[in-house]
Amino acid sequence: MAYKAPVRDFRFILNEVLEIDRYENQPGFEDVSSDLVGQILEEGAKFAEEVIAPINRAGDQHGCEWKDGVVTGPPGWKEAYKQMVEAGWPALHAHTQYGGQGMPAVVSMAVGQMTAAASPAFSMYPGLTSGAYAGLHANASEAIKDRYLPKLATGEWGGTMNLTEPQCGTDLGMIRTKAVPNGDGSYSITGQKIWISSGEHDFTDNIIHLVLARIEDAPAGIKGISLFVVPKVFVNDDGSLGERNEGVQCAGLEHKMGIHGNATCVMAYENARGWLVGEENRGMPAMFVMMNEARLGTGLQGQAIGDAAMQAAVEFANDRLQGRSLTGPKNPDGPADPIIVHPDVRRMLLESKAYIEGGRAFILWTALQADLQKSGDEAVATKAKDYMGLITPVVKAFLTDRGFHVASLAMQVHGGSGYTEHFTASQSLRDARITMIYEGTNGVQALDLVGRKLPANGGRAVMSWFADIDAFVGANGGDEATKPFIDGLADAKKNLQEATMWLMQNGMQNPDNAGAASTDYLHIFGLTAMAYMWAQMAVAAQKKAGDSDPFYANKLAVGRYFVERILPDAEAHLKKLKTGSDVLMALPAEAF
């Protein structure tokens, strides 16, 4: 199966749904036009299809190799990475001040979806580097920025984020890695970090690690953590590479279920030399810049894996002959009909398509909010920041959950063939599973949503979200052709509002109620968000419904499946949410 980037769909979302041309007065959009974006999408698709996708299988089969602290990537990956840097793709979203192209996030995340679908493991190398770039750009001194950002922006150097340790993952207040001042502005970093994606490889001459550590005598817990930049190779004042930072070593690779092509490393720090980023004991707020970018990237990755899995399933369903259509042969000259004629196979494919196309729009809508945070209009910027805080855990958790579900459906469409390694279904399912775990498990995202994001600023973000949906429903409710989409969105919003009120009334009285309701609440939110995306797409598609291009009629048909066969799940989640925590907490721990 050959991955095919959905350029037509990206154009539709960017130009006809989000209408990015109308943001030309916003920072970052001054030199952006739909024509330019179209060219970027075409070239990005070509690179994903012709350079990245062909090496994906080798990454899964061969993985990475570690020997004496040196990690070698899969066959062909170093060469593909070099081509990517030479073509300028890592620099797409980076600031022009540091050699980037300054494109808006909504454009770079469209290209990112293609890269991640072509090879999720390969896309993690530039993805982690982008996160390190963002963390330093937001928090580091000008001296540190000037030293590291130009090469990170272009992808000539790699970047990582080092959080997890053997004794702590989500609870980062338990970090033991220590930092001792050297008296010259640098620190000696000592400790062990695990599960470090892209921690060591042979693609770049240098890797810039961002490391959480605790300075001596720092406060206990999360409030005593600082952030440090620790280069694999020291950088001289003139920007050239100096000596190896011998205190930084890869102590081994993890053996994983999937994403074999990405080097997931155990990193050992033994008096490694590093420099403070930002203020002492303010490492977590600084790292959150990276973590939030990574969470959005993980949502993108989950959706993109589902996209590739769905494409493979559609191809298989059209080729595989088995049985006859219930309404009579559709391939009378052949021994059997292609399985796509069977209603249950079509159910799986339509469900996949509805989630993938809705998720694609959701990611780009969210990326647009990331761009609007920089608006000179304070009201626009404030709303966008509120939405980024509120929506990030939903993008991460809901889209990775649905991406894995789509990958599972794709394997089911393949039948027994999908369970073998002769087809890509197995790799997609294995690769997708980690997206629900790393960058904060989906359960943690749900807790973050109900415990932190909802009550932030007195619930201002979710109230604004409800108001925007109401305004959209009010403005578009009169069109009979799109009425099912508008009514479905209104019903979903009603369910979400009811769930929000239940949490406000019951979560404060008993925090276990909030915890028990959190996952169902996140799914109601995700379904409502996707209903909002499908309603917007339906309105845009209906304007061209009589067009000779079947794209628009097909879009409406897929959207109707979402409204009629998927969106009703929100009511079931609401009913479960309202049962509270009693049934979850009643069984004694020893009885499990």
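No experiment lies behind these values; they were computed from the predicted model shown.

### Some thoughts on the state of the cysteines
Stage number 1. Counted according to the given criterion, the structure contains zero disulfides.
Stage number 2. The closest cysteine sulfur to the non-disulfide-bonded Cys168 is located on Cys265, 18 Å from its own sulfur.
Stage number 3. The thiol of Cys265 is not disulfide-bonded; the next cysteine sulfur, from Cys250, is found 3.8 Å away.

### Considerations on the pairing of strand 7 (residues 226-231)
Stage number 1. With respect to burial, strand 7 is a largely interior element, six of its six residues being buried.
Stage number 2. Neither face of strand 7 is exposed, since Ser226, Phe228 and Val230 on one face and Leu227, Val229 and Pro231 on the opposite face are all buried.
Stage number 3. Note: strand 7 against strand 11 (residues 264-277), three bridges, orientation antiparallel. Paired with Leu227 across the two strands is Val277, which belongs to strand 11.

### A look at the nonpolar core
Stage number 1. Val106, Leu136, Ile189, Trp465, Tyr521, Phe525 and Phe562 are the most contacted members of the largest nonpolar core, which has 177 residues in total.
Stage number 2. When residues in this core are grouped by element, the largest group, 19 residues, is from helix 14 (residues 511-542).
Stage number 3. Filtering out sequence-adjacent residues up to four positions away, Phe525 remains in contact with Leu390, Ile391, Val394, Leu449, Val462, Trp465 and Leu496.

### Thoughts on the side chain of His201
Stage number 1. Inspection of the secondary structure puts His201 in the loop between strand 5 (186-197) and strand 6 (207-215).
Stage number 2. A distance of 3.2 Å separates a polar atom in the side chain of His201 from the backbone nitrogen of Phe203.
Stage number 3. In this view, His201 contacts Val71, Tyr125, Ile207 and Lys232; residues no more than four positions away in its chain are not counted.

### Some points on the environment of Thr154
Stage number 1. Within the secondary structure, Thr154 is located in helix 6 (residues 142-154).
Stage number 2. Assessed through its relative accessible area of 17%, Thr154 is described here as buried.
Stage number 3. Distance from Thr154 to Lys223, taken between C-alpha atoms, is 34 Å for residues 69 residues apart in sequence.
Stage number 4. Not counting residues up to four positions away in its chain, the partners in contact with Thr154 are Val85, Pro90 and Ala91.
Stage number 5. Reaching out from Thr154, the side chain makes a polar contact with the backbone oxygen of Lys151 at a distance of 3.2 Å.

### Details of a nonpolar patch on the surface
Stage number 1. Together, Val583, Leu584 and Met585 line one region of the surface with nonpolar side chains, adding up to about 330 Å² of accessible area.
Stage number 2. Judged by its relative accessible area of 48%, Leu584 falls in the partly exposed class.

### As for unusual backbone geometry
Stage number 1. With a phi angle near 60°, Ser198 is a residue other than glycine that sits in the positive phi range.
Stage number 2. Tracing the backbone shows Ser198 in the loop between strand 5 and strand 6.
Stage number 3. One non-glycine residue, Asn271, adopts positive backbone phi at about 55°.

Criteria and cut-off values
Positions within a chain are numbered from 1, following the residues in the order the chain's sequence is written. Only residues with pLDDT of at least 70 get local features here, since the model is predicted, and only at 80 or more are side-chain atom pairs given and counted; chain-wide, interface and lining totals rely on the full set of residues. Computation of side-chain values covers all heavy atoms of the structure but excludes hydrogens and water. Throughout, a disulfide means two cysteine sulfur atoms within 2.5 Å of one another. The classification of residues rests on relative accessible area computed with a 1.4 Å probe and restricted to protein chains. Under 20% of the type maximum is buried, over 50% is exposed, and intermediate values are partly exposed. Numbering of helices and strands runs from the N terminus, with a helix taken as a DSSP run of H or I at least four residues long and a strand as a DSSP run of E at least two residues long. Strand pairing is assigned whenever DSSP detects at least two bridges linking the two strands. Side-chain atoms within 4.5 Å are what join buried Ala, Val, Leu, Ile, Met, Phe, Trp, Tyr and Cys residues into a set we call a nonpolar core. Residues are treated as being in contact if the distance between any of their heavy atoms lies within 4.5 Å. Polar contact is the term for a pair of N or O atoms within 3.5 Å; when the atoms are in protein, one must be able to donate a hydrogen and the other to accept it, and sequence-neighboring residues count only if both atoms are side-chain atoms. Patches here: salt-bridge-free residues with over 30% relative accessible area, like charges joined within 9 Å, nonpolar side chains (Val, Leu, Ile, Met, Phe, Trp, Tyr) joined within 5 Å. For the area figures, the Shrake-Rupley method with a 1.4 Å probe applies, and any residue is considered shielded solely by the protein chains shown. The working definition used for a salt bridge is a side-chain nitrogen of Lys or Arg within 4 Å of a carboxyl oxygen of Asp or Glu.

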